[in-house]
Amino acid sequence: MSIAVFPGSFDPLTNGHLDIIKRASGIFEKVIVGVGNNTSKAALFTPKEKMTLISTVVKDLPNVEVAIMKGLTVQFMNEVGAKYIVRGLRNGKDFEYERDIAGMNSALADVETVLLLAKPENQNISSSMVKEIGSMGADNMVKFVPKTIVEALKERLNAQKK
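These numbers come from a predicted model, not from an experiment. (Residues numbered from 1 in each chain as written. Predicted model: local features only at pLDDT ≥ 70, side-chain atom pairs only at ≥ 80, totals over all residues. Heavy atoms only, no water.)

Moving on to the packing of helix α5 (residues 127-135) against helix α6 (residues 147-161). One can describe the packing of α5 onto α6 by two numbers: an axis separation of 10 Å at closest approach and a directional angle of 60°. What the angle tells us is that α5 and α6 run oblique. Here the hand of the crossing between α5 and α6 comes out right-handed. Residues Val130, Lys131, Gly134 and Ser135 of α5 touch α6, and the partners they reach there are Leu153, Leu157 and Lys161. Partitioned by chemical class, the residues of the contact of α5 with α6 number three nonpolar, two polar and two charged. (Axes fitted to C-alpha atoms, helices over the stretch in contact; angles between N-to-C directions. Helix = DSSP H or I, 4+ residues; strand = E, 2+ residues; numbered from the N terminus. Parallel < 35°, antiparallel > 145°, perpendicular 65-115°, else oblique. Left-handed = near helix turned anticlockwise from the far one by under 90°. Contact = heavy atoms within 4.5 Å. Nonpolar A, V, L, I, M, F, W, Y, C, P; charged D, E, K, R; others polar.)

Pasting the structure below:
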């Protein structure tokens, strides 16, 4: 069985992430969205909250699962029997970063990284930007994140303002 892991911090999951998940689910027999923790950023949602939100968004994709990752991506891949890492590319900067990470991962384990190009409408979306514009009160967030995420994002950002 071809199993791929799509790792990320997903804080929050964006429409770009969702597009990569959907496309990967058409390529691989099983896709596991691995919710990790980016220690260089302050998270808006806990890993468990992110897992619940993402699970709701991907519930109609029968070959997609969501799990919390601890440790290195390649360690998690070994636990779940995955041989492929899926990553999305928005631009050249992403490519250079992902190329270097792919090299490290293949040095650590027998894994392949599959890079999927972001669709033009998703190339400018990042979780950091979504949080920024959401904190400034933008109303039309559904252009950037799934509706379920919009509601959770607004609720969390409003709670932080109090």
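Along the chain, Ile20 turns up in helix α1 (residues 15-25). The exposure class of Ile20 is buried, given its relative accessible area of 5%. Along the sequence, Ile20 and Leu53 sit 33 residues apart, while their C-alpha atoms lie 17 Å from each other. Apart from residues no more than four positions distant in its own chain, Ile20 is found in contact with Phe6, Val86, Gly88 and Leu116. (Buried < 20%, exposed > 50% of the residue type's maximum accessible area, 1.4 Å probe, protein only.)

Nonpolar side chains tend toward joint burial in soluble globular proteins. Residues Ile21, Ile54, Val58 and Val86 are the most contacted members of the largest nonpolar core, which totals 32 residues. For Ile54, the contacting residues outside a window of four places in its chain are Phe10, Leu13, Val33, Val35 and Val66. Core analysis: the second largest hydrophobic core is formed by 10 residues, Val5, Ile32, Val74 and Phe76 among them. (Core = buried A, V, L, I, M, F, W, Y, C linked by side-chain atoms within 4.5 Å.)

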